[in-house]
Amino acid sequence: HSHIPVIAIDGPTASGKGTVAHKVADRLGFHYLDSGALYRLTALMALRRATPLSDEHGLAKLAEHLPASFSGGEILLANEHVTQLIRAEEVGNMASKIAALPAVRQALFALQLGFRRAPGLVADGRDMGTVIFPHAQLKVFLTASTEARAQRRYKQLIDKGFSANIEDLLSDLKARDDRDTCRAIAPLMPAEGAHLLDTSNMTADEAVEEVLKWYAHAK
Ligand code: CDP
Ligand code: CDP
């Protein structure tokens, strides 16, 4: 598969990875991997089954046999549509906790590689450029100020019909940033050779154009 191009887009929560990666994939006609969704799906199953964080083996089993499917922008767990449900803050927080467990990351490794299919893949997450696709043709690290990210998340949650409060979002976001950057395994950091893009004062579409420009040069 190594000849199939990959664009790896990493960054902290609400930096715009998902939005930008999705649009870039559409523009290029590439497949799209939302790696965070895999952690969120595993987290949702764990919450429902009340599997504790201390049961690393049990959590890794859930990840390994994840009955996930992605079709036309919809995310399914077995036959249930969970696209909206997995965006809840509770699920995101649990996802970031189980994501620190090596056995869980290992269990999701092969599943992620399988998304690399012709004509190409745009993958977003925390370790796309550092661990999963270290030979990606293009690596991008998106950032934005904490305030900009909290505002984006707030708007997104309200638009989706969830209730939200800026203060809580800010503190959740900081806690999540800390967990993601300080963990021992696959911590969030720019990959070697990654292009950094601060989108605090950019629209998603402007960020997309920037990424496409870099990709045209990287090919
Ligand atoms: O995937 P990630 O958590 O990094 O972010 P997202 O789910 O793509 O959400 C970012 C939100 O901010 C979306 O509602 C975007 O429309 C908006 N946004 C953006 O993605 N990029 C910008 N430069 C500005 C706003
Ligand atoms: O949309 P947002 O950036 O808030 O989160 P996400 O990308 O859906 O990921 C949810 C959680 O999964 C993150 O807080 C990370 O801890 C974890 N994750 C990870 O560890 N590695 C990835 N490649 C993707 C997500």
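The numbers attached to residues start from 1 for each chain and follow its sequence in the written order. As a convention, the first chain written is A and the first ligand written is 1, with the rest following in written order. pLDDT decides what is reported in this predicted model: residues at 70 or higher carry local features, side-chain atom pairs at 80 or more are listed and counted, and totals for whole chains, interfaces and linings draw on all residues regardless. Working from all heavy atoms in the structure, the side-chain values ignore hydrogens and water.

Draft legend 1. Region of interest: the pattern of salt bridges. What makes a salt bridge here is a side-chain nitrogen of Lys or Arg within 4 Å of a carboxyl oxygen of Asp or Glu, nothing more. Under the criterion given, the structure shown has 11 salt bridges. A salt bridge links lysine 61 to glutamate 64; its shortest N-O distance comes to 3.5 Å. Separated by 3 residues within a single helix, lysine 61 and glutamate 64 lie in helix 3 (residues 56–64), roughly one turn from each other. Overall, lysine 61 belongs to the partly exposed group, its relative accessible area being 38%. Think of it in three bands: with a 1.4 Å probe and only protein chains considered, a residue is buried below 20% of the maximum accessible area for its type, exposed above 50%, and partly exposed in between. For glutamate 64, a relative accessible area of 46% translates into the label partly exposed. With a closest N to O distance of 3.0 Å, lysine 155 and aspartate 159 form a salt bridge. Taken together, the positions of lysine 155 and aspartate 159, both in helix 7 (residues 146–159) and 4 residues apart, correspond to about one turn of that helix. Put simply, DSSP marks the helices as runs of H or I at least four residues long and the strands as runs of E at least two long, and each gets a number from the N terminus on.

Draft legend 2. Highlighting the site of ligand 1. It suffices for a single heavy atom of a residue to lie within 4 Å of a molecule or strand for the residue to be listed as near it. Near ligand 1 lie 15 residues; those nearest to it are Ala14, Lys17, Gly18, Thr19 and Met202. Counting of polar contacts relies on pairs of N or O atoms within 3.5 Å, with two restrictions inside protein: one atom must be capable of donating a hydrogen and the other of accepting it, and residues adjacent in sequence are counted only when both atoms are side-chain atoms. Between ligand 1 and the protein, one listed contact pairs an oxygen atom with a side-chain N or O atom of lysine 17 at 2.8 Å. Interatomic distance of 2.9 Å between a side-chain N/O atom of arginine 153 and an oxygen atom of ligand 1. The protein chains shown are the only cover counted for residues, whose accessible areas, like all others here, come from Shrake-Rupley with a 1.4 Å probe. Computed on the free molecule, ligand 1 has an accessible area of 530 Å², of which 78% lies beneath the protein chains in the complex. Within the residue set of the shell around ligand 1, elements represented by two or more residues are helix 1 (17–28) and helix 7. Put simply, Ala, Val, Leu, Ile, Met, Phe, Trp, Tyr, Cys and Pro go in the nonpolar bin, Asp, Glu, Lys and Arg in the charged bin, and everything else, Gly too, in the polar bin. Its residues placed into classes, the shell around ligand 1 shows 4 nonpolar, 8 polar and 3 charged.

Draft legend 3. Local environment of the site of ligand 2. As a structural note, the neighbourhood of ligand 2 is formed by 20 residues, with Thr13, Lys17, Arg40, Arg105 and Asp180 the closest of them. Arginine 40 places a side-chain nitrogen or oxygen 2.6 Å from an oxygen atom of ligand 2. Between ligand 2 and aspartate 180 there is a distance of 2.6 Å, counted from an oxygen atom to a side-chain nitrogen or oxygen. Burial of ligand 2 by the protein amounts to 96% of the accessible area it has alone, namely 520 Å². At the level of secondary structure, the elements contributing two or more residues to the shell around ligand 2 comprise helix 2 (35–49), helix 4 (89–98) and helix 8 (166–182). Tallying contributions element by element places helix 2 first for the shell around ligand 2, with 4 residues. Here the shell around ligand 2 is built from residues that sort into 5 nonpolar, 5 polar and 10 charged.

Draft legend 4. Structural context of the nonpolar core. Ranked by internal contacts, the top residues of the largest apolar core, which has 37 residues, are Leu33, Ile86, Val104 and Phe133. Of all the secondary-structure elements, those providing two or more residues to this core are strand 1 (6–10), helix 2, helix 3, strand 4 (74–77), helix 4, helix 5 (102–113), strand 6 (121–125) and helix 6 (128–132). Pairs of residues are marked as contacts when any of their non-hydrogen atoms sit within 4.5 Å. Not counting residues up to four positions away in its chain, the partners in contact with isoleucine 86 are Ala37, Arg40, Leu41, Leu44, Ile75 and Val91. Ranked by size, the runner-up nonpolar core spans 18 residues in total, among them Ile7, Val211, Leu212 and Trp214. Side-chain atoms within 4.5 Å are what join buried Ala, Val, Leu, Ile, Met, Phe, Trp, Tyr and Cys residues into a set we call a nonpolar core.

Draft legend 5. Expanded view of the side chain of serine 35. You can see serine 35 is positioned in helix 2. Using a relative accessible area of 2% as the deciding quantity, one classes serine 35 as buried. Ignoring anything within four residues of it in the chain, the contact list for serine 35 reads Gln112, Asp124, Gly125 and Met128.

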